[in-house]
Amino acid sequence: MKQTPEFRKFWDVGKEVPFIQDEQMPKKLTHCLKWFSCTLVGMLVFVLALLSKTSFLLLITFGNNQTEIVPLDQKPTALLAIGFVLVGPSVLLLLKSTWKFIFKNGNMPSKKTVFWVLCVEILVALGAAVLTIVAMPHFDIVTNVMILNSISILSAFFQVDAEFLGRKRKHLLIPPFFSIFFIVLGYVLFAVNYLVFESSLRVSVGLAMFGTICVSVNWWENYSPLFTILSLKKISKDMVKSSNAVNIISSLTRILITSAVIGAYVALTGDGWKSVKIIFETVVIALVVIQTLSSALCRWFVVVACKMHALRRSFVMPMYFASIIVLAVFLSPLIYSLPLSNNTSITLEKSESSTEWVEVLLTDAIQTLLTRDIVVNMKTEGLVCLGCSALCWWLGLVLSTIYIWFLKIHRIERTQDLFVQRMYEGAFLEQSLMLNTRFEIGKKIKENEVAEPTKKIKVFLCATMWHETYDEMMKIIISMFRLDKYRPKHGKHSDVEFEFHIYFDDAFKDVNNGRGRLTNEYAEILVDVIKEIYIIFSEEDPCVFKEMPSLPSQKIIHTPYGGRLEYTLPNGNVMMVHLKDKQLIRHKKRWSQIMYLYYILGWRLNKQYYENLKAGEEPELIKKKLKSDRENTYILALDGDTDFQPSAVMLLIDRLKIYPEVGAACGRIHPTGTGPVVWYQKFEYAVGHWLQKTAEHVFGCVLCSPGCFSLFRGAALMDDNVMKRYTTKASEASHYIQYDQGEDRWLCTLLLQQGWRVEYNAASDAYTNAPQDFKEFYNQRRRWGPSTMANTIDLLGSGQLTAQRNSSISKLYILYQVISMAASILGPATICLMISGSFVFIFNMEENSALALAIVPPTVYLILCFKLKSDVQITIAAIMSLLYAFLMAGTVLSIIGDLVKQNTFMTPSGLFLIGMVILYLTTAALHPKEFSMVIYGLLYFICVPSGYLLLAIYSIVNMNNVSWGTRESGVQVKTSALDNIKKKFMKATCCRCPCFESEDEMNKEVLQAENTNKTEMLQMTLKIQSANDFAINTHKSVDKQTWIEHLLPKFGFCLTPESELSMDEIDFWIDLQKKYLEPLKENKEQQEKIANDLRELRNKATLVYFFCNALWLVATFFLQAIGEAVYIKIPKIYPNGTYAAKELLSLDPIELMFLLGFAGLLLMQFFAMLYHRIYTLIHFVAYAETEEKAPRKKVAQIVDDNHETSEDDTICFENPYVMTRHITYV
């Protein structure tokens, strides 16, 4: 069915369109950020590599007998320092692996694996020790700089083998083949140089060659798939499974072998032992520290460069040129004609400036070259051999690692997927980092014939709605259409498929005195919004002289739960609006979530495999495919007013795709709205995400992934004790608090207890409306507070079992949560102490009197909360909040005045205030897009008593109120008003004047309508028939025809013929309703029992909660009453560092404990935030890098009658970098 083409009225030149905002980060700013980040990382990698290599080579030269900085009797000191450099990375790896083995993965390797690891590590450790401790101290500085590059020889052989086995792209054989040639040639020239022209150091030359070959075995695992020996393949897999235990074994082996070589070679007797003792008094220890720190930092920044897709400019190029620049630095004394004194040890002792130190060190190092016979006698052939051997080794390293230049990197990579081994080699930093980079080309060629295509990810966006406003609906619908445009269904590189679902609660209303059901005004508003946005996104040219595009046919379907609207969006993705009738199916948010969980993960996902099983497909194959589909099916939970950009979704998808243990990921939620209440929430949300959520992510797991914008993995939701337990109907008082008042937190608790990880991505921004009036805000937090506490107690109660199941949750993290929970419980008492301090500052009151006065108002408010109605409680809280705000403002000014009066800020209160300001300003500066949030910081501070004292009292005392609290009062008034207007209109059409009708009669009719609803509830079971009966009655149902015909004028689209559910799906919905989603029947006795239980639970919780706070206050009171005897005396310190011995500051122990505890908690969160910001920046830069490389094409979607697109006529907007594990050359 095709609509008749229409033209706009030529005179109607104006249009009213909603504001559709694109990505907020400008492209130029993004490009500058990316360029600056990659350049900075590249410079740091280069400088740190220079420091590491230079310091190590200086230690080598100190062991040479021709150098004099370290005297001959102290040469063992230099050799021992070289040993420290060799074992440094092994010690770090031992500590890290031991921690992970104890708290995370404790798998043990097989005996074959242990034997193989011991053999390899003994060989590598022996080769490294012999090369660096025994051989290299005898060579000149030029040889030592370049001989380390020869350790790539075995890797080059493996690469040649890989290309031969691949039998494709034979041109790839050239680099590794020439690498072998140059390295071998370097060996030959090296041997000729020392054995022919000087006839010396034969043993050292042989040991050096032996050592480099042994060290080159270290990276065998990079090429393990090439081995045809089956046992090596099994060993390689076993090493991955038991990596922590393997690393412990290898680290201990390296340490023992290196120690044995030093003990056997260095004569540590007599003066030798004495020289070892004075190592800490020489420049040697400084070089060891510099080398160790610079190597560790360089390796970390190399990982950052790889993850930022800056391999070439920030990793490979700095590594290639490190050896050349180091060699140039050591040869600089020859170029700049520095004084070549032989009395370097005396000069070093007298040197004071760092420049003189550098000159002395370089002059001493060049002595290893100047004392050689080929230099003294100027043997040209020997010098040519020396230079050519150095060049050959450098070219060999470059050619053997040239594959990194063309390495294919996915959007986001794990470190273990980038590098084979967890650590670096201290003596061979740049060589080990490049050779450790995972070799992929040979593997892919070898596995090409059996490789399976990348599994497509299916993301279902599921939004729950109830009575949202027009503007709120507009936000979520625009976001969905924006994502449809961003990722067309028929895009060429579409590895992510989207489907949109909206679950609309209470979408129907009674008409004709309960004899019929029609969609209500909220559902009609949603239909209008969808039509409006559809026209905007499908319209290519808004010219008034152009023919208006015809809208495609869509579907309206009658369903057992109410109705469904099915739209095919302009770019091919499907959107379903599920209109729920609360008389047919259970309403409220959690039950809507259960509805879409079972529909998508139960019915849609399992149906195809069930049919395949009936068709005779093998069960094992079906099981494997189903497992893969579950892991690659994601659900994005949304609220009905969430606004987000496509990039926010993609960043969350990255987390789940690359980390299989992640069950859920959430983004940064921004509250929107205007007014002081919203401003308070903006800073509260900012601080919560900046510090608390990042700390949870870094130290363990995020405890709550908010339901307004969170991505869940299908396999995690379908796991045991998650989705099934989530269907539990509240039957006890505690259930109503934990299950229904904070359903998103409870779902995350179930995921954590089952072993799944929940993460936070700070670059994924989403915006949602926040309560704008004081009453709605308090009611919202009245739900959140007790629910948060209940779920946290549940998680801590099962802490030991959860720590065993969940590798991301350790006992230390459980302890961190216990401390945070205790701080939260003691919040009211802490605020009372702060207020008493305000009284002392402002009114100069006696401390105990101030404390007693501070306790009185909240105590009175607590008593009133038990006696008064909720609305009156909130009104009192609002008035008290204003009074407390004035008091807090005065306190800030008083503290500042006290600091000025005492001429110092080195007081506990001054340090605390200044520290808090600096910490929050620094945190905000690290979030430049959100720095403006600091404007609301002062408002947040003066409202602290309202948010942490009055709100805590209100939440605990009203715990027994389990109503939703938001969107209720205003909506009821609006609905009743609309119903009255419509009833007047209906009666006017029946010749009855509504003007003479009394208000009581109208209210009476409203009550009658409500009674009719209850009667209809009892008759509901008669409406739920068998599948066959439903299928027959859908054609005859008056209700069906009535609500569809009523909605059709608003719908605005032509209907697709034969819009019916399949018989199987009808059966599914009926079974689901019977088992989980039947409307809850009213049982007055049960309701009274639950109400009594809730009051009893409230009383118990209130008693425990405020008893803990009372203990804190009483302890403080008695300590203040005792006075000076228990006070801690602190001398008054002035900013210039001097202190007044006679002027002492008194601090009671509880106050000191509070300050130290709170400051410690904040510092932990601050450092966690720093760590999280770095990895957020890495992810964002990687995203921007891949986005820039993706092809950009315009959207020219042509929609025909069946809404199909033609490839010849359509140019789709595509983003192939997203989620194919997109590959880019960097």
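Residues numbered from 1 in each chain as written. Predicted model: local features only at pLDDT ≥ 70, side-chain atom pairs only at ≥ 80, totals over all residues. Heavy atoms only, no water.

By the naming in an unreviewed UniProt entry, the protein is chitin synthase, taken from Danio rerio. The UniProt entry for the protein carries the following text under Subcellular location (unreviewed entry): "Cell membrane". (UniProt positions renumbered as here; feature names shortened; annotations may be inferred.)

1. Some details on the overall build of the protein
Scanning the protein from terminus to terminus reveals 46 helices and 18 strands. Counting all 1226 residues of the protein, 53% fall into the buried class. Surface accessibility of the protein: about 56100 Å² in total, with carbon and sulfur atoms responsible for 63%. (Helix = DSSP H or I, 4+ residues; strand = E, 2+ residues; numbered from the N terminus. Buried < 20%, exposed > 50% of the residue type's maximum accessible area, 1.4 Å probe, protein only. Areas by Shrake-Rupley, 256 points an atom, 1.4 Å probe, with all protein chains shown as cover.)

2. A short note on the nonpolar core
Leu59, Phe62, Cys298, Phe315 and Phe330 are the most contacted members of the largest nonpolar core, which totals 119 residues. With residues near it in sequence (within four places) discarded, Phe315 still touches Val302, Ala305, Cys306, Ala310, Ile404, Leu433, Met434 and Thr437. Ala463, Leu638, Ala763 and Ile1044 belong to the second largest nonpolar core, which has 69 residues in total. (Core = buried A, V, L, I, M, F, W, Y, C linked by side-chain atoms within 4.5 Å. Contact = heavy atoms within 4.5 Å.)

3. What about helix 24 (residues 646-658)?
Taking 1.5 Å of rise per residue, 13 residues should cover 18 Å, and helix 24 covers 19 Å from first to last C-alpha, within 8% of that figure. By the criterion of burial, helix 24 is predominantly enclosed, with 13 of the 13 residues buried. (Expected span 1.5 Å × (residues − 1).)

4. Observations regarding unusual backbone geometry
Of note in the backbone geometry, Met378 takes a positive phi value of approximately 50° without being a glycine. Along the chain, the position of Met378 falls in the loop between helix 15 (373-376) and helix 16 (380-400). Overall, the relative accessible area of 55% leaves Met378 in the exposed class. Non-glycine residue Asn844 carries a positive phi angle of around 55°. Among the secondary structure elements, Asn844 is positioned in the loop between helix 33 (827-843) and helix 34 (847-867). Using a relative accessible area of 67% as the deciding quantity, one classes Asn844 as exposed.

5. Some words on the pattern of salt bridges
Tallying each qualifying case throughout the model produces 32 salt bridges. Between Lys1089 and Asp1093 there is a salt bridge, and its shortest N-O distance comes to 3.1 Å. Here Asp1093 and Lys1089 lie together in helix 45 (residues 1084-1122), a separation of 4 residues that amounts to about one turn. Because the salt bridges share partners, they merge into one network encompassing Lys458, Lys489, Glu497, Glu499 and Arg604. (Salt bridge = Lys/Arg side-chain N within 4 Å of Asp/Glu carboxyl O.)

6. Quick look at helix 32 (residues 811-825)
With 15 residues, helix 32 should cover 21 Å at 1.5 Å per step; its first-to-last C-alpha distance of 21 Å lies within 8% of that length. Turning to helix 32, its buried residues are Tyr813, Ile814, Tyr816, Gln817, Ser820 and Met821. The buried residues of helix 32 occupy one face: seen down the axis, they fall within an arc of 155°. (Arc of directions from axis to C-beta.)

7. Brief notes about the environment of Leu703
Turning to its location among the elements, Leu703 is positioned in the loop between helix 25 (676-699) and strand 14 (709-713). Considering only alpha carbons, one finds Leu703 and Val758, 55 residues apart in sequence, at a separation of 7.2 Å. Excluding anything up to four places from it in sequence, Leu703 contacts Glu696, Arg745, Cys748, Leu752, Leu795, Tyr813 and Gln817.

8. Notes on the confidence of the model for the protein
Here the protein shows a mean pLDDT of 81. Residues at 70 or above account for 81%. With pLDDT under 50 throughout, residues 969-1038 is counted as low confidence; its partners more than four residues away or in other chains account for 68 contacts. (pLDDT = per-residue confidence, 0-100.)

9. Examining the pairing of strand 5 (residues 508-511)
When strand 5 meets strand 6 (residues 516-519), the two strands line up antiparallel, connected through 4 bridges. Across the sheet, the residue bridging to Phe508 is Thr519, located in strand 6. The antiparallel pairing of strand 5 with strand 6 creates a hairpin that spans 4 residues between the two strands, and Asn512 there sits at a positive phi of about 55°. (Pairing = 2+ DSSP bridges.)

10. Brief notes about the side chain of Gln780
Within the secondary structure, Gln780 is located in helix 30 (residues 774-797). Among the polar contacts made by the side chain of Gln780, one reaches the side chain of Arg781 at a distance of 3.1 Å. (Polar contact = N/O pair within 3.5 Å; in protein donor to acceptor, adjacent residues only side chain to side chain.)

11. Observations concerning the sheet that holds strand 10 (residues 574-580)
One open sheet holds the 10 strands; their spatial order is 8-9-10-4-3-11-14-13-15-12, and the pairing between them is mixed. If you trace the sheet from one side to the other, it starts and ends with strand 8 (555-559) and strand 12 (643-644), each paired once. Pairing geometry for strand 13 (residues 662-672) and strand 15 (residues 757-769), over 9 bridges, is parallel. Paired with Thr672 across the two strands is Asn769, which belongs to strand 15.

12. So, a nonpolar patch on the surface
On the surface, a cluster of nonpolar side chains totalling about 460 Å² of accessible area is made up of Trp99, Leu812, Leu815, Val818 and Ile819. For the nonpolar patch, the element with the most residues is helix 32, which contributes 4 residues. Mapping Trp99 onto the fold places it in helix 2 (residues 75-103). Overall, the relative accessible area of 41% leaves Trp99 in the partly exposed class. (Patch = residues over 30% accessible without salt bridge, like charges linked within 9 Å, V, L, I, M, F, W, Y side chains within 5 Å.)

13. Section: a negative patch on the surface
There is a patch of like negative charges on the surface, built from Glu611, Asp1064, Asp1067 and Asp1071. For the negative patch, the leading source of residues is helix 44 (residues 1063-1077), giving 3 residues. Here Asp1064 lies in helix 44. The exposure class assigned to Asp1064 is partly exposed, which follows from its relative accessible area of 43%. (Lys, Arg positive; Asp, Glu negative; His and termini not counted. Charge placed at Lys NZ, Arg CZ, Asp CG, Glu CD.)

14. Description of the packing of aromatic side chains
Applying the stated rule across the entire model yields 47 aromatic pairs. Seen from their ring centres, Tyr726 and Trp746 are 5.4 Å apart, and the 35° between their planes marks the pair as tilted. With Tyr726 in helix 27 (residues 723-726) and Trp746 in helix 29 (residues 743-753), this pair connects stretches of sequence that are 20 residues apart. Tyr726 gets classed as buried once you look at its relative accessible area, which sits at 1%. Three or more aromatic residues joined by ring pairs form one cluster here, namely Tyr680, Phe683, Phe774, Phe777, Tyr778, Tyr920, Tyr940, Tyr948 and Tyr954. If you follow Arg586 out to its NZ or CZ, it ends over the ring of Trp591, 4.4 Å from the centre. Sitting over the face of the ring of Trp591, Arg590 holds its NZ or CZ atom 4.4 Å from the ring centroid. (Phe/Tyr/Trp six-rings, centres within 6.5 Å; stacked < 30°, edge-to-face > 60°. Lys NZ or Arg CZ within 6 Å of the ring centre and 35° of its normal.)

15. Considering the pairing of strand 4 (residues 496-504)
Taking burial as the measure, the 9 residues of strand 4 include 9 buried ones, the bulk of the element. The alternating pattern of strand 4 places Val496, Phe498, Phe500, Ile502 and Phe504 on one face and Glu497, Glu499, His501 and Tyr503 on the opposite face, and all of these are buried. Sheet topology places strand 3 (residues 457-465) next to strand 4; 9 bridges connect them, and they run parallel. In the sheet register, Cys462 faces strand 4, and the bridge partner there is His501.

16. Structural notes on the environment of Ile530
Structurally, Ile530 is set in helix 21 (residues 521-538). The class for Ile530 is buried, based on a relative accessible area of 0%. A C-alpha to C-alpha distance of 8.9 Å links Ile530 and Met473, two positions 57 residues apart in sequence. If we ignore the near neighbours within four places in the chain, the residues touching Ile530 are Ile477, Phe481, Tyr567, Met575 and Val577.

17. Description of the environment of Gly910
Note that Gly910 resides in helix 36 (residues 908-925). Spatially, the C-alpha atom of Gly910 lies 7.1 Å from that of Ile895, the residues being 15 residues apart in sequence. If sequence neighbours within four positions are ignored, Gly910 has contacts with Leu899 and Phe905.

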